[in-house]
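Breakdown of the fold
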Amino acid sequence: MRSFLKPAAGFTCLFALATAGCSSGSDGETDAAPKPSARETSAAPTPASTTASATSYAPYVSATEASDNDSAGSPTTYNLAFVIADGSACTPAWNGEDSLADSSVKSRISQLKADGGSVRVSFGGASGKELASTCDSATALAAAYGKALDAAGSTQADFDIEGDQLTDADSVALRSQAIALLQKERSDLSVTFTLPVMPSGLDSDSLALLASANKYDVQVSTVNLMTMNYGESYSGDMGDYALTSAKAAHTQLKKVFGLSDEGAWQGMALTSMIGVNDVDGETFTLSDAAQVRAFAEEKEIAWVSMWSTFRDQQCEEGSDGDDDAATNCSGVTQSSGAFGKAFAG
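Residues numbered from 1 in each chain as written. Predicted model: local features only at pLDDT ≥ 70, side-chain atom pairs only at ≥ 80, totals over all residues. Heavy atoms only, no water.

The next thing to look at is the state of the cysteines. Tallying each qualifying case throughout the model produces two disulfides. Linked covalently through their sulfurs, Cys-90 and Cys-135 form a disulfide whose S-S length is 1.9 Å. As the torsion about the S-S bond is roughly 85°, the Cys-90-Cys-135 disulfide counts as right-handed. In this pair, Cys-90 sits in the loop between strand S3 (77-85) and strand S4 (92-94) while Cys-135 sits in the loop between strand S5 (118-124) and helix H2 (138-152), placing the two residues 45 residues apart along the sequence. Owing to a relative accessible area of 26%, Cys-90 belongs among the partly exposed residues under this scheme. Looking at Cys-135, the relative accessible area reads 5%, which means it is buried. (Disulfide = S-S within 2.5 Å. Helix = DSSP H or I, 4+ residues; strand = E, 2+ residues; numbered from the N terminus. Buried < 20%, exposed > 50% of the residue type's maximum accessible area, 1.4 Å probe, protein only.)

What follows is the structure, encoded as structure tokens:
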């Protein structure tokens, strides 16, 4: 997914729902209700015994700039986009530009938490330099990730790996080692990998990244599928493509992590690019959002998300280019916050 950069600039314990004892979310919250651990009594309720949906809503938001649509749908968790390297050094910064200690960012994060959601720090994205490409050791990389998590007061980390970073085997291995080190230091750290997907499923590079996570004993909570930007040959219904992609990836996740049908669904998240996508002919509608939400609830998928709250509004007519469907509006007819409400169900 895009960043908010200015144009000038062994066997993994997968999924908190599938395996007892996996890590929990920040601020004492998780995106999905975990099953009881062995220490809990057999009388403890399970998700199936409650009326509340097991699927939460966790949109991507700008870490540095508030949007009037951030709270639409009352998110359970906010994905803070993005922490990347500040230049070529192993220094984490919001969007590669703003210091982790920036007072306005700290104030923003505090407000998001006050609004009722926890925060997950998202590392990477489509632009800038992911820290694994600038840090020269797993220890240094783990420390950089830890600084960002501490700055946000979060125990949830999302690694949005795409493009060149996904094909760089060295950075993939270094990242896995660093995350494993970080989880040894922080037993409550939950980890999400956000990966591109096609209607045919995850590609070989994404599967190699998950295999690397297994190799270094990374405890993975969720695999978040970016159901978007499939290519010019995919001119059909975007809601249908999202479901087809999820079903294909579900089969792959079962195999990679040795999960049951239920466990693989509960360890999955889905993120759509609302409105017009980066590929001509691909438009994700409000109807598509409702379709994805209904499917996610049926399968008890961990959470659904969108890129992004910033864009969850209609573009203004006659704005002389101030509104851009690629950055600050959806490009479709809608009321402000409508996608957030649709994804929240």
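After that view of the structure, there is still more to cover.
Its place among the elements puts Gln-252 in helix H6 (residues 238-257). Gln-252 sits in the buried class, given a relative accessible area of 17%. A distance of 2.7 Å separates a polar atom in the side chain of Gln-252 from the backbone nitrogen of Leu-202. (Polar contact = N/O pair within 3.5 Å; in protein donor to acceptor, adjacent residues only side chain to side chain.)

All right, on to the side chain of Asn-69 then. Its location among the elements puts Asn-69 in the loop between strand S2 (60-62) and S3. Given the relative accessible area of 5%, Asn-69 is considered buried. One polar contact links the side chain of Asn-69 to the main-chain carbonyl oxygen of Asp-312, over a distance of 3.1 Å. At 3.5 Å, the side chain of Asn-69 and the backbone nitrogen of Gly-337 are in polar contact.

To continue, consider the pairing of strand S8 (residues 220-227). With eight of eight residues buried, S8 is to be regarded as a mostly interior element. Bridge count between strand S7 (residues 190-196) and S8: six bridges; the pairing is parallel. Across the sheet, the residue bridging to Val-191 is Val-220, located in S8. In this fold, S7 hands off to helix H5 (residues 204-215), which returns the chain to S8; that crossover is right-handed. Pairing between S8 and strand S9 (residues 268-273): five bridges, direction parallel. The residue of S9 that forms the bridge with Met-226 is Thr-271. (Pairing = 2+ DSSP bridges. Right-handed = clockwise from strand over helix to strand, strands pointing away.)

Moving on: the nonpolar core. One finds Trp-94, Phe-123, Tyr-145, Phe-193 and Phe-343 to be the most contacted residues of the largest nonpolar core, which totals 77 residues. The biggest single contributor to this core is H2, with nine residues. Among residues more than four places away in sequence, those in contact with Trp-94 are Ala-63, Thr-64, Leu-80, Phe-82, Val-83, Ser-99, Leu-100, Val-105, Ile-109, Val-121 and Ala-152. Ranked by size, the runner-up nonpolar core spans eight residues in total, among them Met-1, Ala-81, Met-226 and Met-273. (Core = buried A, V, L, I, M, F, W, Y, C linked by side-chain atoms within 4.5 Å. Contact = heavy atoms within 4.5 Å.)

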